[in-house]
Amino acid sequence: MEVTLNWYLMLSAILFVIGVLGVLFRRNVIVIFMSVELMLNAVNLTLVALAQHMGDTTGQILVFFVISVAAAEAAVGLAIIIAIFRNQQTVDVTEINLFKY
Amino acid sequence: MDLTQSFSSLGADIIVSAPLVLTMVMGLVIVVLDAFRRNHVATPWIAALTLAFGLVMEITRIGAASGTAYYDLLRVGGMAAYVNALIFGSGLLTVILARPYLESIGHHIGEVYALILFASTGMIVLGTANSLITIFVGFETMSICLYILTGLVRTNQGATESALKYFLLGAFATGFLLYGIALMYGATGTMYLHEMQSAVGDHQTMFRSGVGLLLVGFLFKVSAVPFHMWTPDVYQGAPTPLVGYMSTASKSAAFASLILVLYLALPSTQWIGVVAVIALLTMVIGNVIALAQTNVKRMLAYSSIAHAGYILVGLAAGSPEGYSGALFYLLVYTVMNIGAFGVIALLEWDGTQGSEQSLDSLSGIGYKKPLLAWSMVFFMFGLAGFPPLGGFIGKVAVFGPAIHSGLTWLAIVGVLTSAVSAYYYLRVLVVFFMKESNPDVATDNITFSVPGMSAAVIVLCVIMLIVLGIVPTFLDVTASFFDGNMLATLP
Amino acid sequence: MNASTLIPVILLLPLAGALFCGLVGLFVPALRQREGLIGVVGTAMVIVPFLAVLYLFLNFDGGAIVVEFYTWMAAGDLSVAFAYRVDQLSLVMTLVVTGVGGLIHLYSIGYMHGDPGYWRFFAYLNLFIFAMLNLVLGDNLVVLFLGWEGVGLCSYLLIGFWYTDLKNSAAANKAFIMNRVGDFCFLLAMFLLFRELGSLDFDVLLVQGPSLDEGVLYLTVFLLFMGATGKSAQIPLFTWLPDAMAGPTPVSALIHAATMVTSGLYLLARFSPLVLAAEGIMAFIAIIGALTAIMAATIAITQNDIKKVLAYSTVSQLGFMFLATGVGAFFVAIFHVVMHAFFKGCLFLGSGSVIHAMHDVEHQLSQKLEPEGHTGKFDPQDMRTMGGLKKFMPSTRITFLIATLAIAGIPLLSGFFSKDEILFRAFESASTNDYGMLVWIVGMVTAFLTAVYMIRAYVLTFEGEPRWPKADTIQPHESPWTMTLPLWVLAILSIVGGYIGLPGVFAHGDWNLIHHYLGESFGGPLAEVHGEAHVALSTEWILLALGAAIAIAGVALGWYWYSKHGPAFDDRLRSRFGRLYRAAEGKYFVDEAYEKVIVKPLIVGAEKGLAPFDTYVVDGLVNAVAFITRGLSFVLKYIQTGVVQIYAMAIVIGVILVLAMMMFG
């Protein structure tokens, strides 16, 4: 059985949905954050597969940008999570609800 | 193309995008300077001068023909210059307003100015993007800087919470945006906006879902319902003058980019229904929930959601007239919102950056601080859309095209919800002028000193709001961006 | 320098002055006491435009100049620009507004001294000048209307200037509401013109207007005239003007005598081609003008409040001007407007000077009487407690006398020429219409009454013996130079002003400069009756002599009666004329009639019929909507739980919505 483009696309879609579900249903901020990263990497997979399929490098260039942006995001995100933990001694998102209504 | 030619074209590109390059470089300069001379007094001035230089440069280029730079990745001149001028202008006013404010809350640190410059860089890249790659890069550069600015006071529980919510949801929305970009790329094989419509071919389904997901990313950034829920929580916790910046400059950039996408890449009408429905939801939800707010910043957050709805009405018209109306509205909205948040920042006394301060605690402030309170009168009437202020002309400029495009129902809802909005805007004035000051809150003992520069910014905003209302030529300027030359100048 | 650079200066300086005085007063309480600063800035912002207008006037070459700033609004066929028109008519009006206005500003520096609302006063006064300039310079009906409403607003603000007294606020409300009736007619006229001609620019209206359908034209001119009756206090909308005297006296001089109340005349003069084409309405205008003139003159004779006398005199003189308009002599109406600005301005300022002095008397009196337990209050405007002021206030007295003689029409003073020209034109028109003779006779009688009541006011105020309490020990003082200087300037203008309009008996009318300046047959903007009937030169001389004789007789008789008997002569009149006198004294009970016929039924109808409907149906619906919206708000805000995953869920729902609409929508 040949591995066609659709396989890659399906795989990345499934990974993306897993990421979305993780964001929606996990309580630990770190895990939510990892789910977001999973979403980004799912898209990376799509981009690489499409670029490879079309023989065009533009998509892969975008992947490099995504990777670097994800790194920056990780730095900032972890810093914020540390600040939260220092203030509230928790990483459970359902307990972080000072502002509402 | 040989290497020499590349370098010479790069040189020319740097010159036409000088404000962008300079902003980025000066941001780096501030970072380095701050490493050696912590919180140097010159830091805010460097930032302010950089932004002022950019503002002047871009204003002079508004009349120029639009073109592209960096191998068609960015647009320059014309509409791009207008959007950049908006971003630089709101950045400049914010820097002036923020300096005394940050000093008063003890967070006058050099990074802030570097971050504002970096965020401006990101906004410019986003607002003038001509390719999906630049959209993504600008979008993220801007967003990451704003996450940090939101959580600036990292010892404050509210500020960190705001930052966390903004960050998580922002990253989540980025995922959708990126997926949308990937699908659009897959359907067309190109990242350039102007090449897309001819390249779609038979991948309609893929392209449409890509467009939908891309729209989600933008709608999140402009806080359209139902992607708006971060807005009140973030605005409430972030430092007030910076909220003014976030709510204006980032929205201008996102809307400008969205307009470019819609105008260049998606002339077909399949998305009009989506934007119209979202605009309807945004206007209704934003205005209705604002009624029940007691915290001023939260109220203004819902107000800014509602205003995103008005601008989306202009976009939903799908005509150059509607886009130019939306661009004009962004200018008016920038002036009003920076002014309103500036006034609120100057009236803060509770030491928690206004995150807990209720509107009622400002009772009777109109007689103690007449300048601020009377300026607020103009901003509130402007936001509510009373003639002859700019807000009125802005609403005409976005609702009119919608009617011309057959979206009369949307315009009617817009006008009705504007009427609802008058309630909560005017309530601010009622509290300011017609209520006795609250004895439980000892505002009498707290000294509000108004720095001269801040007062000057507020007054400038008032004057501009009036000028925009009675000198309608600005609308002709934004209309001139869509007179057909825009596409013609592309390679 | 040309008009396009000077017009912005002329217009914007008063606005700048208003903003300066208003904002400084509002935000810098420390500067409120700096009367010198505020007064000088306020005055300079009117004097400088006056000089600019003078320059324009002297360099004017006869062709109308239109200065357009920018298009204010454009919607459909309607395009309105901030455009201003410099021609003979607007130059004359602008000269009067800024010239007399400047003098009155100067006067106010002294008059308002010590008032806590000093800054407010000058802010309003400058704003008034700005609005008035828009009114007379505007090149389309919208700008004119903007000025028209602006002066109405300033009039309201200034009548109620001392708003803590409920009476003054009531007077301000009355002026505002009565003017609304006129303004409504004006608006209707505007709509009608736009519907018919599709434009509001004067160029279009004045050229195409006269050839409109007769019915439409008549209706338009009628509505314009009704608008004018509101601003210019003619029957039926005149009752607000006497009440408007509640404002400070400089206001009465500037707004309610010299400038604003003449804007109705300006409007009709501006639209003279249309008015002239509507003959039936012209008869109506002439008769209303004549009736107003004689009615107000009879009331003026019976009043004891010096400002009330002058107020009714103003109404009467405005009636004269409308009479002139009604017989087609537009330039004469404008001529009388200018002359009236001089002598009535002078009279009002003189009365202000007197009131200023009498306030001082009241002040001294209360200091004297306080130890004895009396308050010493009396009305400083009542002429019955004045008398003999000529000893104490020589400048005020002489200027007041000059202005009195001028308005009475004593030969060779300004009023003589302008009033005589009006009466002559009325007489002349009698050969071509049916009403000319009637209005001429009424005019002659009114001229006699004018001489009598004005000399009565003068004699009671300045001649005879002082009649205030303790007059032997309390002495009033002459006012400061800032107040007497304007008096002198206006008095001199009242003497020489008339020579710009010498009657036709000299050099066959070639010396009537204002006619040559404004008249259509000489290239001016004011239309004229064509093929006018000619009156023999001898008849003209006889009419002139008759006018002079009537004025002199009135002055002589009035002087004789009132200097001999003093205020007691009024009692003789009362017993002599009985019911007629009482009717005049009661102002013909017009206010009471309005109260009974219009106000009461309206209030009762509103209370019985509309109020319940309003309360239960309209308010009920509105409140229900508001209640539901607010309730919705309180429910919906709980969606915002504060938990970030709920927000993420909303985003996912949004994504599904958007994708579904993109796929299937």
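Residues numbered from 1 in each chain as written. Chains lettered and ligands numbered in written order. Predicted model: local features only at pLDDT ≥ 70, side-chain atom pairs only at ≥ 80, totals over all residues.

**Student:** Can you break down the overall build of chain A residue by residue, with the values?
**Tutor:** When helices and strands are counted, chain A shows three helices and zero strands. Since a compact globule built from 101 residues should have a radius of gyration of about 13 Å, the 17 Å found for chain A marks it as more spread out than a globular shape. In terms of overall dimensions, chain A has C-alpha extents of about 50 × 25 × 25 Å along its principal axes. Across the 101 residues that make up chain A, the buried fraction comes to 35%. (Helix = DSSP H or I, 4+ residues; strand = E, 2+ residues; numbered from the N terminus. Rg over C-alpha atoms; globule rule 2.2 N^0.38 Å. Buried ≥ 20, exposed ≤ 12 C-beta atoms within 10 Å, placed from the backbone.)

**Student:** Outline the overall build of chain C, listing residues and values.
**Tutor:** Helices and strands together make up the secondary structure of chain C, namely 25 helices and two strands. Radius of gyration (C-alpha) of chain C: 28 Å, near the 26 Å computed for a compact globule of 665 residues. Projected onto the principal axes, the alpha-carbon positions of chain C cover approximately 100 × 75 × 60 Å. Per-residue burial over chain C gives 52% buried out of 665 residues.

**Student:** Could you give an account of the environment of C:Phe69, with specific residues and numbers?
**Tutor:** Relative to the elements of secondary structure, C:Phe69 occurs in strand E1 (residues 65-75). A residue is classified by how many C-beta atoms lie within 10 Å of it, and C:Phe69, with 14 of them, is partly exposed.

**Student:** Pulling in residues and values, what's your account of the interface of chain A and chain B?
**Tutor:** Residue-level contacts link 33 residues of chain A with 31 residues of chain B. Counting residues per element, the ones that place at least two in the side of chain A that touches chain B are helix H1 (5-25), helix H2 (29-54) and helix H3 (58-88) of chain A. Top contributing element to the side of chain A that touches chain B by residue count: H3(A), with 16 residues. Here the side of chain A that touches chain B is composed, by residue class, of 24 nonpolar, seven polar and two charged. (Contact = placed C-beta atoms within 7 Å. Nonpolar A, V, L, I, M, F, W, Y, C, P; charged D, E, K, R; others polar.)

**Student:** Requested: an account of the interface of chain C and chain B, with residues and values cited.
**Tutor:** Contact with chain C, which involves 26 residues of that partner, is made by 34 residues of chain B. Sorting the residues of the side of chain C that touches chain B by element identifies helix H1 (3-27), helix H24 (590-636) and helix H25 (644-664) of chain C as the ones contributing at least two each. It is H25(C) that contributes the most residues to the side of chain C that touches chain B, 13 residues altogether. Considered class by class, the residues forming the side of chain C that touches chain B number 18 nonpolar, six polar and two charged.

**Student:** Any chance you could break down the confidence of the model for chain C for me, citing the residues and the numbers?
**Tutor:** Averaged over every residue, the pLDDT of chain C is 88; the share at 70 or more is 98%. Complex prediction metrics read pTM 0.72 and ipTM 0.97. (pLDDT = per-residue confidence, 0-100.)

**Student:** I'd like to hear about the nonpolar core, residue by residue, with values.
**Tutor:** Ranked by internal contacts, the top residues of the largest apolar core, which has 237 residues, are B:Val216, B:Leu315 and B:Ala316. Sorting elements by how many residues they give to this core places helix H7 (residues 157-188) of chain B first, with 20 residues. Residues contacting B:Val216, with those up to four places away along its chain left out, are B:Ala173, B:Phe176, B:Leu177, B:Gly180, B:Phe227, C:Gly654, C:Val655 and C:Val658. The next biggest cluster of nonpolar side chains, apart from the first, holds 209 residues, and it includes C:Leu141, C:Val143, C:Leu254 and C:Ala447. (Core = buried A, V, L, I, M, F, W, Y, C linked by C-beta atoms within 7 Å.)

**Student:** Explain the pairing of E1(C) residue by residue, including any values.
**Tutor:** All names here are of chain C. As paired elements, E1 and strand E2 (residues 78-86) share eight bridges and run antiparallel to each other. Along E2, the bridge assignment pairs Thr-71 with Ala-81. Once E1 ends, the chain turns through two residues before running back antiparallel as E2, passing Gly-76 with a positive phi of about 60°. (Pairing = 2+ DSSP bridges.)

**Student:** So, unusual backbone geometry: which residues are in play, and what are the values?
**Tutor:** Following B:Pro387, the chain continues into B:Pro388 via a peptide bond in cis, with omega recorded as 5°. On the secondary structure map, B:Pro388 appears in the loop between helix H15 (370-384) and helix H16 (390-404). Cis geometry marks the peptide bond from C:Ile235 to C:Pro236; its omega dihedral reads 5°. Relative to the helices and strands, C:Pro236 is located in the loop between helix H8 (214-231) and helix H9 (240-243). Although it is not a glycine, B:Ser223 sits at a positive phi angle of roughly 55°. By C-beta crowding, B:Ser223 is classed as buried, having 29 other C-beta atoms within 10 Å. Phi angles above zero are rare outside glycine, and C:Phe589 is one such case at about 55°.

**Student:** Could you give me a rundown of the environment of C:Tyr647, with the residues and numbers involved?
**Tutor:** By the secondary structure assignment, C:Tyr647 is in helix H25. When the 24 C-beta atoms within 10 Å are taken as the criterion, C:Tyr647 is described as buried. Separated by 118 residues in the primary sequence, C:Tyr647 and C:Val529 place their C-alpha atoms 80 Å from one another. When residues no more than four places from it in sequence are discounted, the contact partners of C:Tyr647 are B:Leu169, B:Met229 and B:Trp230.

**Student:** Which residues make up helix H10 (residues 249-258) of chain C, and what are the values?
**Tutor:** All names here are of chain C. Where burial is concerned, most of H10 is hidden: 10 out of the 10 residues are buried. Listed as buried for H10 are Thr-249, Pro-250, Val-251, Ser-252, Ala-253, Leu-254, Ile-255, His-256, Ala-257 and Ala-258. In this structure, the buried side of H10 is in contact with helix H3 (88-111), helix H4 (118-137), helix H5 (141-159), H9, helix H14 (306-326) and helix H15 (330-369).

**Student:** Summarise the packing of helix H5 (residues 110-127) of chain B against helix H6 (residues 132-150) of chain B; cite the residues concerned and give the values.
**Tutor:** Residues and elements named next belong to chain B. It is at 7 Å that the axes of H5 and H6 come closest, and there the two elements cross at 155°. With respect to each other, H5 and H6 are oriented roughly antiparallel. Seen from above, H5 lies across H6 with left-handed handedness. Of H6, the residues touching H5 (which contributes Val-112, Leu-115, Phe-118, Ala-119, Thr-121, Gly-122, Met-123, Val-125 and Leu-126) are Thr-134, Ile-135, Val-137, Gly-138, Phe-139, Thr-141, Met-142, Cys-145, Leu-146, Ile-148 and Leu-149. (Axes fitted to C-alpha atoms, helices over the stretch in contact; angles between N-to-C directions. Parallel < 35°, antiparallel > 145°, perpendicular 65-115°, else oblique. Left-handed = near helix turned anticlockwise from the far one by under 90°.)

**Student:** Explain the packing of H14(C) against helix H18 (residues 436-462) of chain C to me, and be specific about the residues and the numbers.
**Tutor:** Residue and element names in this part refer to chain C. Contact pair H14 / H18: the axes reach a minimum separation of 11 Å and the direction vectors enclose 160°. Looking at the two axes, H14 sits roughly antiparallel to H18. Here H14 and H18 pass one another in a crossing that is left-handed. Two secondary-structure elements touch here, H14 through Ile-306, Val-309, Ser-313, Ser-316, Phe-320 and Leu-323 and H18 through Val-439, Gly-443, Thr-446, Thr-450, Tyr-453, Met-454, Ala-457 and Thr-461. Taken together, the residues of the contact of H14 with H18 break down into eight nonpolar, six polar and no charged.

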